[in-house]
Structure formats: C-alpha cells, structure tokens
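Residue-level listing of the chains:
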Amino acid sequence: MSPFKDAVALVTGAASGLGRALSEEMARRGAVVVVTDLDEAGARAVADGIVASGGRASAAALDVSRADDVRRVVEEAAAAHGRLDYLFNNAGFAVVGQVQDLDPEHWRKILDVNLGGVIHGVAAAYPIMVRQGSGHIVNTASAAGLLGAPCSTPYATTKFAVVGLSQSLRSEAADLGVRVSALCPAYIRTGIFDAATYAAGTQRDVTSLIPFKFLEVDDAVRRTLRGVERNQGLIVFPFYARLLWWLTRIWPAFPVALNRRTVQAWRRRQRRAADPAARA
C-alpha cells in the first residue's frame, strides 16, 4: 500500500510547476491534498482539476512570507482533517544577476519567500507533527544549495540555508517521530526562469549557460516521492547532480572553479550585449 494513501498533505507554491505536479501526483496516490499558492485562482484550478479526476483536494490562498497566514492555513488544514502528514514547503523563485547588479529589495524579497516561507511552514507544522508523533516535512532546496549558483547568488544563498535548516531539524525531529528532507534537484522544466526576477541579463542569457538537459517535471516528482518514501535526508537528482555533489565533498574547490567558468561566460555575453561592435 502506498504510504501516501489517505495521508493529508499541504503543498505551498502549488499553482504551477513542481508544486502543482506534486499535488496532482500525491492525489493520484490517494492523498488528501491542500493546494496553496499566492495565486488563489491558480491554486483553486489545480484543486478543482484533482477533484474532477476523482481525487481529494482543497485550495487556499497563501503568502508564505507572512508567518501568521502560514500558521492559520496549516492549523486549519490539520483541524479539518484531524492531522497533517506531509508538508511540502515548495514556494520560491529566483533572482538573476551578479551581486553588483542587486539592490537590498532583491535580497529582502527572496529571503522572505525562499527562506522565510520555509521557516514559517516549519514553525506552523512541526509542533503539530510532534504532538502527533508522526509527519514528514519536505523542504524544496536545490542543487544550488549544495554547489552554488553564480549570477543567482541570492537564490543559492536561500537554498544553502534551507539545506542547513533541514539537516539540523532532521536531527532534532528523528526521536520525535517526525521526518525531514531537503529536496535538491538540478534543472527541472518548471518555468522557474519564466517567473524569475532579472536584475541583469535575460532568460536566454541564463539558459544558454546551462550545459545539462532539463528534467521533465513528472520525472522529478517521481524521484521526489521515491526519496520521501525512503526517508532520504537529502534528495538529490538527477545523476549528474549527485556526481557533482560527490565531487564537491571530496574536492571543495571544485564547484568554485566550475562556477567561475559560468561567471566568465555570463560576463562575455553581457559585454557583447552592451557593445554593438562586439556583436558584429
């Protein structure tokens, strides 16, 4: 029997991308899903689609940067269903540009959402799960939280923090019956670059520097849930991401050297864009 059958799962950032696909797959596996997103109409469309397909779901508007709102939605979900088995802290976005291109508002917003949202979700759900003596918190980080991400430093900063939070909480939670995982995928075809904030450069500038094939979102969800079923502390995929992570652990200077080449390529593109003669 699937461990997700009849489980109650709340997913943030679930109106699109990985969050939507997670919600739909959890429902297919028998879970009751609470679909939340800042985009209330989008969240309701996902929940309605699940119900139309024979699944069980409800929707709620949620700004994860607001601690009181997160606590309210989480507590209402647990009260409505009698428990909360899974929390997928998935909401997030990217900021693109070198650090010298950024202003404090770029940093504030991404810290509020990518890190603050995870903290708020944990603060709301973890006490409920401790009282239950069971539950699983899955925090969406990124391979960028293991390897770095030049020209997306704010994004990588938040994802490193999510990994640290998850690993530390996992130790605290283990003897209390609560599981904690950090999801660290590499590039997934989710539209994250469509919704990114560009302090400099363009979406094409970013994607042209990525030497790897993007993973389809349905494949990413299957790998994610397999890692959750196995209670993996760090769920890292695909293979090249695990390989790069392994190389980083035995050779800490490796990601700096690798990422430096990405920065150099980014700067060449920016110089060509700024100098019409260089494009001729």
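Note that the structure is predicted; figures quoted are calculated from it, not measured.

Caption draft 1: Structural view of the overall build of the protein. A tally of helices and strands in the protein yields 11 helices and nine strands. Counting only C-alpha atoms, the protein reaches 65 × 40 × 35 Å along its principal axes. For the protein, the proportion of its 280 residues judged to be buried stands at 50%. In the protein, the share of contacts with a sequence separation of at least 24, taken over all contacts with a separation of at least 6, comes to 71%. Summing over all exposed atoms, the protein offers an accessible surface of approximately 13200 Å²; the carbon and sulfur share of this is 53%.

Caption draft 2: Here's a closer look at the environment of Cys151. Positionally, Cys151 belongs in the loop between helix 5 (144–147) and helix 6 (153–173). The exposure class assigned to Cys151 is buried, which follows from its relative accessible area of 7%. Discounting residues that sit within four places of it in the chain, Cys151 has contacts with Val95, Val96, Gly97, Gln98, Val263 and Trp266.

Caption draft 3: Local environment of the pattern of salt bridges. As enumerated under the stated definition, the model contains 15 salt bridges in all. A salt bridge links Arg71 to Glu75, with the nearest nitrogen and oxygen atoms 3.8 Å apart. Of this pair, Arg71 and Glu75 both sit in helix 3 (residues 67–81), four residues apart, which is roughly one turn of the helix. According to the relative accessible area criterion, Glu75 is partly exposed, its value standing at 40%. Linking Asp205 and Arg269 is a salt bridge whose minimum nitrogen-to-oxygen distance equals 2.9 Å. Of this pair, Asp205 sits in helix 7 (residues 203–207) while Arg269 sits in helix 10 (residues 254–274), placing them 64 residues apart in sequence. For Arg269, a relative accessible area of 23% translates into the label partly exposed.

Caption draft 4: Inspection of the pairing of strand 6 (residues 135–140) at higher detail. Burial analysis of strand 6 places six of its six residues in the buried class, the great majority of the element. Judged by which residues are buried, strand 6 turns out to be covered on both faces: Gly135, Ile137 and Asn139 on one side and His136, Val138 and Thr140 on the other are all buried. Here strand 4 (residues 86–89) runs beside strand 6; their pairing, made up of four bridges, is parallel. By the bridge assignment for strand 6, Asn89 is matched with Asn139. Where strand 6 and strand 7 (residues 178–185) come together, six bridges link them in parallel fashion. Pairing of Ile137 across the sheet is with Val180, part of strand 7.

Caption draft 5: Main features of the packing of aromatic side chains. Going through the model one piece at a time under the given rule, you end up with six aromatic pairs. On the basis of an interplanar angle of 50 degrees and a centroid distance of 5.2 Å, the ring pair of Phe4 and Tyr86 is categorised as tilted. Of this pair, Phe4 sits in the segment before strand 1 (8–11) while Tyr86 sits in strand 4, and the two are 82 residues apart along the sequence. Given a relative accessible area of 0%, Phe4 falls into the buried group. Overall, the relative accessible area of 9% leaves Tyr86 in the buried class. Measuring from ring centre to ring centre gives 5.5 Å for Trp251 and Phe254, while their planes differ by 40 degrees; the resulting arrangement is tilted. Through successive ring pairs, a cluster of aromatic residues spans Phe4, Tyr86 and Phe88. Against the face of Phe93 rests Lys109, its NZ or CZ located 5.4 Å from the ring centre.

Caption draft 6: Spatial organisation of the layout of surface pockets. What the second largest pocket holds in volume is close to 160 Å³. Taken together, Pro3, Phe4, Asp85, Tyr86, Ser134, Gly135, His136, Gly177, Arg179, Val228 and Glu229 make up the lining of the second largest pocket. Secondary structure elements with two or more residues in the lining of the second largest pocket: strand 6 and helix 8 (217–229). Residue composition of the lining of the second largest pocket, by class: four nonpolar, four polar and three charged.

Caption draft 7: Examining helix 4 (residues 104–132) more closely. Its 29 residues give helix 4 an end-to-end C-alpha distance of 40 Å, which sits within 8% of 42 Å, the value for a rise of 1.5 Å per residue. If you look at helix 4, its biggest bend is around 40 degrees, right at Gly116. The backbone nitrogen of Glu105 has a side-chain oxygen 3.0 Å away, supplied by the residue at the start of helix 4, namely Asp103. Backbone geometry just after helix 4 places Gly133 at a positive phi near 80 degrees.

Rules and cut-offs
- Residues numbered from 1 in each chain as written.
- Predicted model: local features only at pLDDT ≥ 70, side-chain atom pairs only at ≥ 80, totals over all residues.
- Heavy atoms only, no water.
- Helix = DSSP H or I, 4+ residues; strand = E, 2+ residues; numbered from the N terminus.
- Buried < 20%, exposed > 50% of the residue type's maximum accessible area, 1.4 Å probe, protein only.
- Contact = heavy atoms within 4.5 Å.
- Areas by Shrake-Rupley, 256 points an atom, 1.4 Å probe, with all protein chains shown as cover.
- Salt bridge = Lys/Arg side-chain N within 4 Å of Asp/Glu carboxyl O.
- Pairing = 2+ DSSP bridges.
- Phe/Tyr/Trp six-rings, centres within 6.5 Å; stacked < 30°, edge-to-face > 60°.
- Lys NZ or Arg CZ within 6 Å of the ring centre and 35° of its normal.
- 1 Å grid on protein atoms, 1.4 Å probe; cavity = no way out; pocket = protein on both sides within 12 Å on 5 of 7 lines; lining within 4 Å.
- Points joined across faces, edges and corners; volume = space filled by probe spheres on them.
- Nonpolar A, V, L, I, M, F, W, Y, C, P; charged D, E, K, R; others polar.
- Expected span 1.5 Å × (residues − 1).
- Bend = angle between axes of the 7 residues up to and from the residue.
- Polar contact = N/O pair within 3.5 Å; in protein donor to acceptor, adjacent residues only side chain to side chain.

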